[in-house]
Amino acid sequence: MMKTRLEALCGKKIAECSYEEIYEALMKIVKEESRSQGRKVEGRKLYYISAEFLIGKLLGNNLINLGLYDETDKVLKEGGKSMAELEETEAEPSLGNGGLGRLAACFLDSLATLKLPGDGVGLRYHCGLFHQSFKNNLQSESPDYWLNGAQWAEDTGKTYDVSLAGETYRARLYQIDVTGYGGQTNKLHLFDLDTVDESIITEGIRFDKTDIEKNLTLFLYPDDSDDAGRKLRVYQQYLMVSAGAQMILEECMERGSNLHDLADYAAVQINDTHPSMVIPELIRLLGEQGIAFEEAAEIVTNVCAYTNHTILAEALEKWPKEYLEEAVPQLMPVIRKLDETVKERTDDAGTAIIDEDGRVHMAHMDIHFTHSTNGVAALHTEILKDSELNGFYKLYPEKFNNKTNGITFRRWLLSCNRALAGYIESLIGPGFKKDAGELKKLAAYADNGEVLQNLTRIKAENKKLLAKWLFKKQGILINPDSMFTIQSKRLHEYKRQQLNLLYLIHTYFEVKSGHLPAAPITAVFGAKAAPAYTTAKNIIHALLTLSKVVADDPQVSKWLQIVMIENYNVTAAEKMVPACDLSEQISLASKEASGTGNMKFMLNGAVTLGTLDGANVEIQDCVGEDNIYIFGQNSVQVIRCYERGDYCAREWYETDANIRRAVDFIAGDLMQAAGDRESLESLKRELIGKDWFQTFPDFNAYVVRKNQAITDYAVNPEKWARMALMNISQAGFFSSDRTIKEYNEDIWHLG
Ligand code: 26Q
């Protein structure tokens, strides 16, 4: 069946086709099949609006979801082709930064799988997030031209006019089919301008910031540290929400809404504050249809819900009124009225939409004018209620709720780790693919030596595959018989890659003095730093420089190897996650809202080394203390310490000889000989002078706990395999199917 279809489309035998030809033919087949799973929507439909959808490559995942993977794999093999090579043909859509964007993609997969009517709404960035490469041990950024080649997204021919700074721009609507696993097909709607022009990019990722027509959807902003891009970010956001809101109203009216009853037709989930302008925009558009402000505000409150992904106050978006006045003058009257409404409701100035300095607080507008505010892990939601958003919690206790994040097991197990998925199926049957809770059945094998050995063997195979991939990609040879510790996530001081760095330096000294680790260690990192985030870039530089220093030392390199994966993205994660022994989740307690990498590693049989932060807390609740390595201060201690404001990094540096030895090494002779003096010294100064995320107080506990894990791994492989098995068996709670069911039951009420 697949064979005849493919050969008919290609016009020749598979053996004679190029991978590009097969890829395009398969794309056509997948599109046809997914279209046939489309459903007419009845009742309430969800619009998940997000500046990011980090969907990853689509071919393999769609084939799995449509039940076509095995047959395709067989047909390719018969023609002398390999699925792995075929998948290299596809460029990864570069539409997200990290956790928040990947979460949106997992949610779309679960919505379609659960046959819930729910679409994504976002932007079609031409170059997306920058491509990262390493030059002289420094991060270098270049455009990621992922839009070359055949496209999953189709031009719908529809456009929506959007007014920015008084000029009208035409947003074109593209759509990507979102397939569910044995489910239905939903859509991802992405807006773009025809006039965007990649040729305005000059050096690296620099471009003319003034020419909106040419630059509006050119790049995805890597974070808020680049001031020059901030205005553009507002323009991008408004393009998305205005075109999105018009599309939503149009769809609902076509389905019979009279707009007064909009909440019976639409639920809008606002993914962090990036799409928050959808609130005043919907109110404005309802106003144009003759609905008075008060009623419009009430309708929109009933339609919209808001998810918060951060407790870092500096990461909550607030725009100077003047920016908005210039960029979206049509919204300001609405925002002012909303602000006045709030001032009638409460005299708590801390919850104002427009503050005394004239800044518009997007999160504040969200909480006042949506019916639900949720955090993304139990601890995170409690911290929001108790401290960061306490003023709002007092006003609206009923709006606050928790939705612990989840991941789709289709991509993060069935697709990225076929060997493990197949073995699990041979033990407990296929039910876990749709009902992740069934993984619990694995616990019955916790003392089965043969099963534990098979798990160890699969892990070893995956480590070899990662080694092979890394060699092909970066020419680096790693030892698959070493313990793989992996920390992969955006580079940020609160995530504390620098703590891992200090451990590795400490281990360097230990090996030098004859104290060998229980097993050879390969420390793998994957991380992009925002181009304007200097300290983050300095940490990457220190890691890369240390990697070289260690590699050049024959005594140490037998025991320790450090590698950074270039251009960490979903595709890289799919290779790293199945190969991990020890999952590093070492953020400063209270700072990581949830984390989702922690869930991916757990599901693939890694053991977590982590602080009691974000979803790590719930991972510990699931697996029990014996199956996780927890260390460091807890969130209460950290929050109290910040309140007291008495943390002094220098004191730790001066009194703890191990810390001092490691920190001094960063800018010492060996490192300076291999790296950049200015960058290394600046990192050292930052640590001693500030260490804002308290690396030093957790350092000794981290060293002890990590060495315990390495010893357990080396000395008692069966105990380790048992821990791995317990982690897999308890991972069911972290399926995004569970998360989506909770959103639907508590917030959306779809269908
Ligand atoms: C803001 C202003 C201007 C430009 C960019 C931004 C910006 C962009 C991306 C701000 C934040 C982000 C991304 C945030 C993010 O990924 N947060 C993570 O969300 C995950 C899913 O809930 C959590 O698991 C992580 O803990 C959280 O850090």
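The rules behind each value
Residues numbered from 1 in each chain as written. Predicted model: local features only at pLDDT ≥ 70, side-chain atom pairs only at ≥ 80, totals over all residues. Heavy atoms only, no water. Helix = DSSP H or I, 4+ residues; strand = E, 2+ residues; numbered from the N terminus. Rg over C-alpha atoms; globule rule 2.2 N^0.38 Å. Buried < 20%, exposed > 50% of the residue type's maximum accessible area, 1.4 Å probe, protein only. Areas by Shrake-Rupley, 256 points an atom, 1.4 Å probe, with all protein chains shown as cover. Lys, Arg positive; Asp, Glu negative; His and termini not counted. Charge placed at Lys NZ, Arg CZ, Asp CG, Glu CD. Near = heavy atom within 4 Å. Polar contact = N/O pair within 3.5 Å; in protein donor to acceptor, adjacent residues only side chain to side chain. Nonpolar A, V, L, I, M, F, W, Y, C, P; charged D, E, K, R; others polar. Domains from an automatic or database assignment. Pairing = 2+ DSSP bridges. Axes fitted to C-alpha atoms, helices over the stretch in contact; angles between N-to-C directions. Contact = heavy atoms within 4.5 Å. Expected span 1.5 Å × (residues − 1). Salt bridge = Lys/Arg side-chain N within 4 Å of Asp/Glu carboxyl O.

1. Some remarks on the overall build of the protein
Each helix and strand counted, the protein has 32 helices and 19 strands in total. For a compact globule of 751 residues, the expected C-alpha radius of gyration is about 27 Å, and the protein comes in at 26 Å, within 12% of that figure. With the C-alpha coordinates aligned to their principal axes, the bounding extent of the protein is approximately 80 × 70 × 55 Å. Counting every position in the protein, which comprises 751 residues, the buried fraction comes to 62%. Entry remark: accessible area of the protein is about 27,600 Å², with carbon and sulfur atoms responsible for 48%. Across the protein, 83 positive and 108 negative side-chain charges occur, with their mean positions spaced 4 Å apart.

2. Remarks on the site of the ligand
Of all residues adjacent to the ligand, which total 20 residues, the nearest are Leu-100, His-309, Asn-405, Glu-592 and Gly-595. At a separation of 3.4 Å, an oxygen atom of the ligand approaches a polar backbone atom of Ala-593. The fraction of the free accessible surface of the ligand (610 Å²) that becomes covered by protein chains is 87%. It is helix H6 (residues 99-113) that contributes the most residues to the shell around the ligand, three residues altogether. Counted by class, the shell around the ligand contains six nonpolar, eight polar and six charged residues. Two domains each donate at least three residues to the shell around the ligand, and these are domain 2 (35-68 + 89-315 + 369-405) and domain 3 (416-738).

3. As for unusual backbone geometry
The phi dihedral of Asn-136 is positive, around 50 degrees, even though this residue is not glycine. With respect to the element layout, Asn-136 can be found in the loop between strand E3 (131-135) and strand E4 (138-142). Not every positive phi belongs to a glycine, and His-749 is a case in point at roughly 50 degrees. Structurally, His-749 can be placed in the segment after helix H32 (736-748).

4. Thoughts on the sheet that holds strand E7 (residues 186-193)
Read from one edge to the other, the open sheet built from nine strands follows the order E5-E6-E7-E2-E1-E8-E9-E12-E13, with strand pairing classed as mixed. Each having just a single partner strand, strand E5 (154-164) and strand E13 (400-402) make up the two edges of the open sheet. The average angle at which neighbouring strand axes cross in this sheet is 25 degrees, direction not considered. Its contacts with the sheet put helix H9 (residues 278-288) on strand E1 (45-49), strand E8 (266-271) and strand E9 (304-307), and the angle it makes with E8 is roughly 150 degrees.

5. Notes on helix H31 (residues 717-729)
The terminal C-alpha atoms of H31, which comprises 13 residues, lie 18 Å apart, in line with the 18 Å expected from a rise of 1.5 Å per residue. Regarding H31, the residues found buried are Trp-720, Ala-721, Met-723, Ala-724, Leu-725, Met-726, Asn-727, Ile-728 and Ser-729.

6. So, the pattern of salt bridges
Between side chains of opposite charge, pairing is possible as soon as their charged atoms come close. Under the definition given, this model contains 52 salt bridges. Across the salt bridge formed by Glu-325 and Arg-336, the nearest N and O atoms sit 2.8 Å from each other. One end of the pair, Glu-325, is in helix H11 (residues 321-327); the other, Arg-336, is in helix H12 (residues 332-345), and 11 residues separate them in sequence. What makes Glu-325 partly exposed here is its relative accessible area of 34%. The class for Arg-336 is partly exposed, based on a relative accessible area of 33%. One network of salt bridges, with partners in common, ties together Arg-5, Glu-32 and Glu-33.

7. Looking at the pairing of E9
Here E9 shows a buried face lined by Cys-304 and Tyr-306 and a second buried face lined by Ala-305 and Thr-307. Where E8 and E9 come together, four bridges link them in parallel fashion. Along E9, the bridge assignment pairs Asn-271 with Thr-307. Two strands pair when backbone bridges link them, and E9 and strand E12 (residues 373-375) are joined in this way by two bridges, in the parallel orientation. Bridging from a neighbouring strand, Tyr-306 pairs with Thr-373 of E12.

8. A closer look at the domain arrangement of the protein
Structurally, the protein comprises domain 1 (1-34 + 69-88), domain 2 (35-68 + 89-315 + 369-405) and domain 3 (416-738). One C-alpha centre belongs to domain 1, the other to domain 3; they are set 38 Å apart.

9. A closer look at the sheet that holds strand E14 (residues 483-488)
With parallel pairing, the six strands of this open sheet are ordered in space as E16-E15-E14-E17-E18-E19. The open sheet terminates on both sides in strands that have one partner only, identified here as strand E16 (560-565) and strand E19 (629-630). As defined by bridge partners, E14 adjoins strand E15 (residues 521-526) across six bridges and the pair is classed as parallel. Within the sheet, the bridge partner assigned to Gln-487 lies in E15 and is Phe-525. Docked against the sheet, H31 engages E14, strand E17 (582-585), strand E18 (607-610) and E19, running at close to 90 degrees with respect to E18.

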